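Residues per chain are reported as follows:
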Amino acid sequence: MVGTKTPPSLLYMVKQVELVVRSRLDELVKPAGITALQYTSLTVLERHDGLSAAQLARDSFVTAQSTADLVRSLENRGLVRRERNPRNRRELLILLTEEGRELLARYAEPMRDLEERMIGDLTAHQADQFRQALSKAWHSLS
């Protein structure tokens, strides 16, 4: 049919959401002197403290090389520290410092506000369905 537009693919739409979320995250955390990726890594450590660099890379959606630079930067800022794994002395674990926890606490409400803005036009039920759908999509591709 002439004049009928095909809707964008879900992959395209997910990428659009990812890019705008990352942009907003970068804007929010810029005053703290960190990036959205660094913030994401801190939140991963908040949920699972004491990860190896490889585990942190996987859970933060970055490469091992990016994680090395990211951790070094966060460590220099005093937001994380590294210590030897008592069960495997060759492995270094990355841990959140008290300063890192304070930064996350300071940004918890602005992050909730951003998420609320993103789903503000959805009902509570639709937001729950959206969360479930995103989780299922992630699991299907993982």
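Everything below is about the structure printed above this text.
The following refers to the structure shown. Here the structure is a predicted model, which is why all the values come from computation and not from measurement.

Details of the nonpolar core
- Core analysis: the largest hydrophobic core is formed by 23 residues, its most contacted members being Ile34, Tyr39, Leu42, Val80 and Leu103.
- Those elements giving two or more residues to this core turn out to be helix H1 (10-29), helix H2 (36-47), helix H4 (64-76), strand S2 (88-96) and helix H5 (98-119).
- Setting aside residues up to four positions removed in sequence, Val80 forms contacts with Leu42, Leu45, Val71, Leu74, Glu75, Ile94, Leu95, Leu96 and Thr97.

Here we look at a nonpolar patch on the surface
- Judged by side-chain polarity, Val17, Met118, Leu122, Phe130 and Leu134 come together as a nonpolar surface patch covering roughly 390 Å² of accessible area.
- Here Leu122 shows up in the loop between H5 and helix H6 (124-141).

Concerning unusual backbone geometry
- In this structure, Phe61 takes a positive phi of about 65° despite not being glycine.
- Assignment of secondary structure puts Phe61 in the loop between helix H3 (53-60) and H4.

Overview of the pattern of salt bridges
- Under the defined criterion, the tally for this structure stands at seven salt bridges.
- Among the ionic pairs, Arg131 bridges to Glu115, the shortest N-O distance being 3.3 Å. On the criterion of sequence distance, the pair formed by Arg131 in helix H6 and Glu115 in helix H5 is long-range, its members being 16 residues apart.

Focus on the environment of Arg58
- The topology assignment puts Arg58 in helix H3.
- Distance in space between the C-alpha atoms of Arg58 and Ile34 is 20 Å, their sequence separation being 24 residues.

Observations concerning the side chain of Ser60
- Here Ser60 shows up in helix H3.
- For Ser60, a relative accessible area of 2% puts it in the buried group.
- Once residues within four sequence positions are removed from consideration, Ser60 is found in contact with Thr40, Ser41 and Val44.

Rules of the game
Residues numbered from 1 in each chain as written. Predicted model: local features only at pLDDT ≥ 70, side-chain atom pairs only at ≥ 80, totals over all residues. Heavy atoms only, no water. Core = buried A, V, L, I, M, F, W, Y, C linked by side-chain atoms within 4.5 Å. Buried < 20%, exposed > 50% of the residue type's maximum accessible area, 1.4 Å probe, protein only. Helix = DSSP H or I, 4+ residues; strand = E, 2+ residues; numbered from the N terminus. Contact = heavy atoms within 4.5 Å. Patch = residues over 30% accessible without salt bridge, like charges linked within 9 Å, V, L, I, M, F, W, Y side chains within 5 Å. Areas by Shrake-Rupley, 256 points an atom, 1.4 Å probe, with all protein chains shown as cover. Salt bridge = Lys/Arg side-chain N within 4 Å of Asp/Glu carboxyl O.

Note that all results are geometric; they support no functional claim without further evidence.
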